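# Observations on the model geometry
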Amino acid sequence: MVSWLKDAVFYEIYPQSFNDTNGDGIGDIQGIIEKLDYIKDLGANAIWINPWYDSPFKDAGYDVRNYKLVAPRYGTNEDAKRLFVEASKRDMHIILDLVPGHTSEEHPWFIESGKPIVDADGNEAKNEFSDRYIWSDFWLGSIAGHPYIGGECDRNGTYMLNFFKCQPALNYGFAEPKEKWQMSYQDEEPGKTLEAMMDVMRFWLDMGASGFRVDMADSLVKDDDDKKSCTSKIWHKVREMLDAEYPEAVMVSEWSNPLLAINGAGYHMDFYLNHIGNGYNTLLRDHESEGEDRTYFKKNADGDITRFLTDFIPKYEGTKDKGYISFLTCNHDTPRASRTLDESELKIAYATLLTLPGVPFIYYGDEIGMRYIENLPTKEGGYTRTGTRTPMQWEAYADSSSEGGTAGVGGSSAGDINMGFSTAAPDRLYLPIDPEGPSVREQQARPDSLYNTVKEILRIRHAEKSLNADADFEVILGEKDKPFIYRRGEIVIVVNPSEREMSFEANVLIDALSRSEKTIGLDDRTIYKTGSIDIIEDRLVVSPQCFVMLR
């Protein structure tokens, strides 16, 4: 495994919404550079940046028009180089979003691919990119089982989509071709597609990137039902390239199938995504399933840690020593947890996520409890995801209608109107700010804030090898209506997110701490606590909303 991942904590940046330094209402690379010290001071030492490539932005940059060019609204390739240099000075790593399954319909590859493959005399007229995408062989022919488009190009055929209408599928072949126009994933042309994508990876790794988050990682080979034989083999080729040429570079997959992504496809990490009914979903967002809210970290819900453990433990045991499962506080595709959890609940939720095994990811603004904004009009294909992508809130909101306020553009007061995100007029912002939401300034000033909780947990995480990504993990107590107790190396963690006091046999904790006494002084063993625990007559009493780390 790559050594730097053991102590890595990632911070995800949606560049459009992070920090605008040129006053156009859209975040930029210089804005990221300006906030590197903020991110490092928080405790994150690695960054994942959502797509910054040239794009028509019909899907927020996931429709790539040029893989090797920074979108002008973010800056230049020289700005990207400078960001890598500045991050390296701070011992920070940056991974980029790789979008291997599709491009924009405006990509030069696709424009060339859409040209006729037979000339007026009936002779073959294929070009270098004719087979870079998946095409049927007749303009009215369907592509069974897949979305497709016809009538957009001069080529006599229809082309497969990989997501939106604007995102034609790149050709990595089919698991078992059934039509004459379908290619095997082992054929020459799909192989050229893979080589082109690895060329993109080399370009950014040579510039200073430390790896990639891979979008829709399981979408390459078509009709590959189990993803084991074909798609995984393709990613193994990529891993072999990285191991040989860039041994410190990493990949994390958008797959949420760690047994396959890590064991089968060779990824260093796999995201534990919010899929309804899975273990991660039960922790933060179980209001989306049937009936009552059963979210584990909801203090007044009927949370049950066994539903998380039943899903997570086999995945953890099956990938241990081979790669890492990555927990996210949220990401750009998911409603923020603050949608249903209050600050006290978020503190315990994030403290737990940041001390479980694996490599954690913090979505920008989650450290201050930024809110999910309901019913925002869609922006760049965001739809219901748009409410999670609003501007970072650096400063307290200054109401321009109040005494002393101003709606002027270009001064510090205008920045306050936009909560420090931009000096642009509010109506020019990429998305509107949330004037009633929290700010970094306010959260930093309040000792008991969510921000300071996250910062302290991360300080402890970096100071204690027992909290490294690969440190031992053992569930001590994982039953319904009892505290969740787990061991990380030499550290034992007790969690009670509910609003009810809980108690159980003290020997469970005493044994976990390798002590034989019937009574034990807990204070001298406490590394961190919110809430309290106490031993009373051989019973361990855990207060409501409690998170305690003991050595």
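As the structure is a computational prediction, the values presented were derived from the model and not from experiment. (Residues numbered from 1 in each chain as written. Predicted model: local features only at pLDDT ≥ 70, side-chain atom pairs only at ≥ 80, totals over all residues. Heavy atoms only, no water.)

## Observations concerning the confidence of the model for the chain
- Looking at the chain as a whole, its pLDDT mean stands at 94, while 95% of the residues score no less than 70.
- Counting interchain partners and residues more than four positions distant, the pLDDT-below-50 stretch residues 402-415 has 19 contacts. (pLDDT = per-residue confidence, 0-100. Contact = heavy atoms within 4.5 Å.)

## Quick notes on helix α10 (residues 343-353)
- Most of α10 sits out of view: nine of its 11 residues are buried.
- Elements that come into contact with the buried residues of α10 comprise α8 (279-284), α13 (450-463), β14 (484-488), β15 (491-496), β17 (526-530) and β20 (546-550). (Buried < 20%, exposed > 50% of the residue type's maximum accessible area, 1.4 Å probe, protein only. Helix = DSSP H or I, 4+ residues; strand = E, 2+ residues; numbered from the N terminus.)

## Describing the pattern of salt bridges
- Per the counting criterion, the structure on display carries 46 salt bridges.
- A salt bridge links Lys192 to Glu189; the shortest N-O distance between them is 3.2 Å. Taken together, the residues Lys192 and Glu189, both in helix α5 (residues 188-207) and three residues apart, mark about one turn of the helix.
- Taking the relative accessible area as the measure of exposure, Lys192 reaches 36% and is therefore partly exposed.
- What makes Glu189 buried here is its relative accessible area of 19%.
- Among the ionic contacts, a cluster of salt bridges with common partners joins Asp37, Glu86, Lys89 and Arg90. (Salt bridge = Lys/Arg side-chain N within 4 Å of Asp/Glu carboxyl O.)

## Observations concerning the sheet that holds strand β2 (residues 46-49)
- Reading across the sheet, the eight strands line up as β11-β10-β9-β8-β5-β2-β1-β12 and stay open at both edges, with parallel pairing between neighbours. Every interior strand has two partners, whereas the edge strands, β11 (324-326) and β12 (361-363), have only one. The sheet shows a mean angle of 25° between the axes of neighbouring strands, direction not considered.
- Here strand β8 (residues 211-214) pairs with strand β9 (residues 250-253) via four bridges, running parallel. Across the sheet, the residue bridging to Val214 is Ser253, located in β9. (Pairing = 2+ DSSP bridges. Axes fitted to C-alpha atoms, helices over the stretch in contact; angles between N-to-C directions.)

## As for the sheet that holds strand β19 (residues 539-542)
- Overall, antiparallel pairing links the three strands, which are arranged β16-β19-β18 in an open sheet. The open sheet has two edge strands with one neighbour each: β16 (502-505) and β18 (533-536). Averaged over all neighbouring strand pairs, the angle between strand axes comes to 25°, with direction disregarded.
- Here β18 runs beside β19; their pairing, made up of four bridges, is antiparallel. Within β19, the position partnered with Ile535 by the bridge is Leu540.

## Details of a nonpolar patch on the surface
- A grouping of Phe138, Trp139 and Leu140 is seen on the molecular surface, where their side chains present a nonpolar patch of about 350 Å² in accessible area.
- Locating Phe138 in the fold gives a position in the loop between α4 (108-113) and β6 (148-149).
- Judged by its relative accessible area of 38%, Phe138 is partly exposed. (Patch = residues over 30% accessible without salt bridge, like charges linked within 9 Å, V, L, I, M, F, W, Y side chains within 5 Å. Areas by Shrake-Rupley, 256 points an atom, 1.4 Å probe, with all protein chains shown as cover.)

## As for α13
- The terminal C-alpha atoms of α13 lie 20 Å apart, and with 14 residues this matches the ideal 20 Å at 1.5 Å per residue to within 8%.
- Every buried residue of α13 is listed here: Leu450, Tyr451, Asn452, Thr453, Val454, Ile457, Leu458, Ile460 and Arg461.
- In the core, the buried residues of α13 are packed alongside α2 (36-42), α10, β12, α12 (440-445), β17 and β20. (Expected span 1.5 Å × (residues − 1).)

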